[in-house]
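Take a look at the letters that make up each chain.
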Amino acid sequence: MFNWTMNTSVTSSLLPSMNLLTCLSFSTVSRRRLSVEAHTYYYYPTARPRRKLCACRNVLQETAPRDAEADPCRHGERKSRRRGDGAYYIDKDGGGVARTFDRKKISRKRGGAIKGRGWKYGSGFVDGVFPVLSPMAQDVLELVQTRGTDAASVWESLDKIPQAHDLWDDIVNVAVQLRLNRQWEPIITVCEWVLRRSSFRPDIICYNLLIDAYGQKRQLSEAEAAYMALLEARCVPTEDTYALLLRAYCGSGQLHRAEGVISEMQRNGIPPTATVYNAYLDGLLKARCSEKAVEVYQRMKKERCRTNTETYTLMINVYGKANQPMSSLRVFREMKSVGCKPNICTYTALVNAFAREGLCEKAEEVFEEMQQAGHEPDVYAYNALMEAYSRAGLPQGASEIFSLMEHMGCEPDRASYNILVDAFGRAGLHQEAEAAFQELKQQGMRPTMKSHMLLLSAHARSGNVARCEEVMAQLHKSGLRPDTFALNAMLNAYGRAGRLDDMERLFAAMERGDGAIAGAPDTSTYNVMVNAYGRAGYLDRMEAAFRSLAARGLAADVVTWTSRIGAYARKKEYGQCLRVFEEMVDAGCYPDAGTAKVLLAACSDERQVEQVKAIVRSMHKDAKTLFAL
């Protein structure tokens, strides 16, 4: 537990600074077009990287240099150069007139204010520059972090801060820093204070922060209200505003409303750019909506929206998580064929795609190609390769990659140790899994819920129920409430040990929603129950658990059906196996290799074996992949 302390002495002295001056005058607002006349003056110290001024949709904003393929939709550009004590730029939108400004009169502290500088979607900071907090901003940050859940108290304290010309920059910097820390509730508190109580006129970055925070918390009505407030304040929504709305809708499973955002942009004459489509794909990826993601990707290409590295990386991840690594490879090859250069994230996504299927050799090939392309593997790339060996049942290979990572000076993270625990657990090496778990703690890292769950699974496979119960006790002692994955591992341990009474008591607690646990039953929970009852020969209890699955609105998967068939196969009830198999096919669930193996185990003569082979061949011929590239 973190002990947050508050600095109650909020200083009233503010550091003076010369800030960016922006004057925006709004002319005409309509559904088709928002015309903004912007006069913005910038000064860049000589020590800073060269930047340029660009005008996009008549909104002047500062942008860092980026590849053309990553920002293909610029409509105009203003070039600036220094001359003596001033600087001038050629205003192409203004008829090619040379305009000047005095850099001595207008300056900005290095790395300071982000007012008017736009928003870089998904980064947590603006234009690659982290916010630099002044002493006042540090005090405000501590105040908000300490009292983040007490909005009234925070608002009252913010009301008492003396007004100053750089207070707005401090408030925005605090909000951006909170976003870097993924502290959504304090962001809402600060931004709502700006909207409701302060004398400031919020700009687009304030509204974007608020929409993002509400979207992360899946409070869609509040996110929509923030968007409407943005329009009522005559603030111009950017493509990042729409991107954040898309991600919020996708994260909550509201795909039809996400489509509404795209339609709204098109009605207003704003064609969705790669930034918007990438946000849409990212949201669909996290929502596990693979088919919809492919549809959006095809639409993106049909509309001739130029794809970039992020687009291809997202699609490689989409196919990888859908267990179609060869489709991921085809996307990777398509990417290179159009001249789009993969980055280290792209290579890592492709390694992960092969890792999920335990294809070690393919994962190694991609890993080597990444190094040949000049990319030094980071901890995420090493972890992906370790995962490939873990899924393939080769824990020693995962351990060797772990050692190689340390030898190359790349420090393992918590995920690295979790993969080691999982690798040894899958292979039934519970002592080695325990050692990896203990090493994680010795390195000063705090085990997460996933760490405990993987250790539970390792001991459950070895039948060490006593150690499983000790891990659960440690979990409670750490202040963590067991989630569904951890509870399923415990259920499996009880089922494998034949302690069905304990299994049923834990299952009943999950159904009740006991306060000591955080997990509710899911399909995997019922799979454990069906398998345990089937192995014990309690077919009536197994069928009751199977019916309960549908009663809770959950769908049986291939594991559920195969476990049910396996129960009858152990009793050599071939007719019942075929009946359940037909129900499985009618339900739209296609069998896998495990199903075929269980069906063959139910056969008692050669005729039945040939019948099963014929059925499996016909099913394999008719079955289709999840989606085509």
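These numbers come from a predicted model, not from an experiment.

**Comments concerning the overall build of the protein chain**
Broken down by element type, the protein chain carries 28 helices and seven strands. Taking as baseline every contact in the protein chain between residues at least 6 positions apart, the subset at least 24 positions apart corresponds to 59%. Within the structure as shown, the protein chain displays about 30,700 Å² of accessible surface, and the carbon and sulfur contribution to it stands at 50%.

**Side note on the side chain of Thr560**
In this fold, Thr560 is placed in helix H25 (residues 558–570). The buried category is assigned to Thr560, whose relative accessible area is 0%. A distance of 2.3 Å separates the side chain of Thr560 from the side chain of Asn527, its partner in a polar contact. Apart from residues lying up to four places away in sequence, Thr560 is in contact with Thr523, Asn527, Val530, Phe546 and Leu549.

**Concerning the packing of helix H7 (residues 239–251) against helix H9 (residues 274–286)**
The N-to-C vectors of H7 and H9 enclose an angle of 15°; their axes lie 8 Å apart at closest approach. Here H7 lies roughly parallel to H9, going by the angle between them. Of the two elements, H7 crosses H9, and the hand of that crossing is right-handed. Contacts from Glu239, Asp240, Ala243, Leu246, Arg247 and Cys250 in H7 reach Thr275, Val276, Ala279, Tyr280, Asp282, Gly283 and Leu284 in H9. Taken together, the residues of the contact of H7 with H9 break down into seven nonpolar, two polar and four charged.

**A word on the packing of aromatic side chains**
Counting across every chain of the model gives eight aromatic pairs. Geometrically, the ring pair formed by Phe507 and Tyr526 is edge-to-face, given 5.5 Å between the ring centres and 80° between the ring planes. Placement of Phe507 in helix H22 (residues 500–512) and of Tyr526 in helix H23 (residues 523–536) is noted, with a sequence separation of 19 residues between them. Taken individually, Phe507 and Tyr526 each receive the classification buried, so the pair is uniform in this respect. Three or more aromatic residues link up through ring pairs in this structure, and these residues are Trp168, Trp193 and Phe200. The aromatic ring of Tyr538 is capped on one face by Arg541, whose charged end is 4.6 Å from the ring centroid. Its end group placed over the ring of Phe546, Arg564 keeps NZ or CZ at 4.2 Å from the ring centre.

**Looking at the packing of H25 against helix H27 (residues 593–602)**
Each pair of packed helices can be summarised by the angle the axes make with each other and by the distance between the axes. Two elements in contact, H25 and H27, have axes whose closest approach is 9 Å; the angle formed by their N-to-C orientations is 10°. Classified by the angle between their axes, H25 and H27 sit roughly parallel to one another. For the pair formed by H25 and H27, the contact residues are Val558, Thr562, Ile565, Gly566 and Ala569 on the first element and Gly594, Thr595, Val598, Leu599, Ala601 and Ala602 on the second. Looking at side-chain class alone, the contact of H25 with H27 contains seven nonpolar, four polar and no charged residues.

**Section: unusual backbone geometry**
One non-glycine residue, Arg218, lies in positive phi territory at about 60°. Judged by relative accessible area, which is 58%, Arg218 ranks as exposed. In this structure, Arg234 takes a positive phi of about 60° despite not being glycine.

**Notes on helix H5 (residues 204–216)**
In a regular helix each residue adds 1.5 Å, so 13 residues correspond to 18 Å; H5 covers 18 Å between its end C-alpha atoms and thus fits that length. For H5, the tally of buried residues reaches twelve of 13 residues, placing the bulk of the element in the interior. Taken together, the buried residues of H5 touch helix H3 (167–180), helix H4 (184–196), helix H6 (220–232) and H7.

**Observations concerning the confidence of the model for the protein chain**
Residues of the protein chain with pLDDT of at least 70 account for 77%, and the chain-wide mean is 77. In this model, residues 1–95 is a region of pLDDT below 50 whose contacts with residues beyond four sequence positions or in other chains number 192 contacts.

**Here we look at the pattern of salt bridges**
Using the criterion set out here, one finds 26 salt bridges in the structure. For Glu224, the salt bridge is made with Arg257, and the minimal N-O distance between the two is 2.4 Å. One end of the pair, Glu224, is in helix H6; the other, Arg257, is in helix H8 (residues 255–267), with 33 residues separating them in the sequence. By relative accessible area, which is 25% here, Glu224 ends up partly exposed. On the basis of relative accessibility, which here comes to 27%, the residue Arg257 falls in the partly exposed class. Look at the salt bridges and you will find they share partners, linking Glu259, Lys292, Glu295 and Arg299 into a network.

**What about helix H10 (residues 290–302)?**
Given a rise of 1.5 Å per residue, 13 residues ought to cover 18 Å, and the 18 Å separating the end C-alpha atoms of H10 matches this to within 8%. For H10, the full list of buried residues reads Ser290, Lys292, Ala293, Val294, Val296, Tyr297, Arg299 and Met300. A positive backbone phi angle near 60° is found at Arg304, which sits one or two residues after H10.

**Focus: the side chain of His375**
Topologically, His375 is positioned in the loop between helix H14 (360–372) and helix H15 (379–391). A polar contact of 3.5 Å, which involves the side chain of His375, links it to the backbone oxygen of Pro342. For His375, the contacting residues outside a window of four places in its chain are Pro342, Asn343, Ile344, Tyr347 and Met370.

**Section: the environment of Glu334**
Considering the arrangement of structural elements, one finds Glu334 in helix H12 (residues 325–337). Separated by 22 residues in the primary sequence, Glu334 and Tyr312 place their C-alpha atoms 8.8 Å from one another. Not counting residues within four places of it along the chain, the set of residues in contact with Glu334 comprises Tyr297, Lys301 and Tyr312.

**Description of the environment of Leu491**
Along the chain, the position of Leu491 falls in helix H21 (residues 484–496). Classification of Leu491 as buried rests on a relative accessible area of 0%. Put simply, Leu491 and Leu506 are 15 residues apart on the chain and 7.1 Å apart in space, counted from C-alpha to C-alpha.

**With respect to the state of the cysteines**
All told, the structure shown has zero disulfides when counted by the stated rule. Cys250 carries a free sulfur, and the closest cysteine sulfur to it, the one in Cys289, is 7.2 Å from it. Take Cys577: it sits in no disulfide, and the sulfur closest to it among the cysteines is that of Cys603, at 8.4 Å.

**Description of a positive patch on the surface**
On the surface, Arg461, Arg496, Arg535 and Arg570 cluster together into a patch of positive charge. Positionally, Arg570 belongs in helix H25. What makes Arg570 partly exposed here is its relative accessible area of 42%.

Thresholds, definitions, all that
- Residues numbered from 1 in each chain as written.
- Predicted model: local features only at pLDDT ≥ 70, side-chain atom pairs only at ≥ 80, totals over all residues.
- Heavy atoms only, no water.
- Helix = DSSP H or I, 4+ residues; strand = E, 2+ residues; numbered from the N terminus.
- Contact = heavy atoms within 4.5 Å.
- Areas by Shrake-Rupley, 256 points an atom, 1.4 Å probe, with all protein chains shown as cover.
- Buried < 20%, exposed > 50% of the residue type's maximum accessible area, 1.4 Å probe, protein only.
- Polar contact = N/O pair within 3.5 Å; in protein donor to acceptor, adjacent residues only side chain to side chain.
- Axes fitted to C-alpha atoms, helices over the stretch in contact; angles between N-to-C directions.
- Parallel < 35°, antiparallel > 145°, perpendicular 65-115°, else oblique.
- Left-handed = near helix turned anticlockwise from the far one by under 90°.
- Nonpolar A, V, L, I, M, F, W, Y, C, P; charged D, E, K, R; others polar.
- Phe/Tyr/Trp six-rings, centres within 6.5 Å; stacked < 30°, edge-to-face > 60°.
- Lys NZ or Arg CZ within 6 Å of the ring centre and 35° of its normal.
- Expected span 1.5 Å × (residues − 1).
- pLDDT = per-residue confidence, 0-100.
- Salt bridge = Lys/Arg side-chain N within 4 Å of Asp/Glu carboxyl O.
- Disulfide = S-S within 2.5 Å.
- Patch = residues over 30% accessible without salt bridge, like charges linked within 9 Å, V, L, I, M, F, W, Y side chains within 5 Å.
- Lys, Arg positive; Asp, Glu negative; His and termini not counted.
- Charge placed at Lys NZ, Arg CZ, Asp CG, Glu CD.

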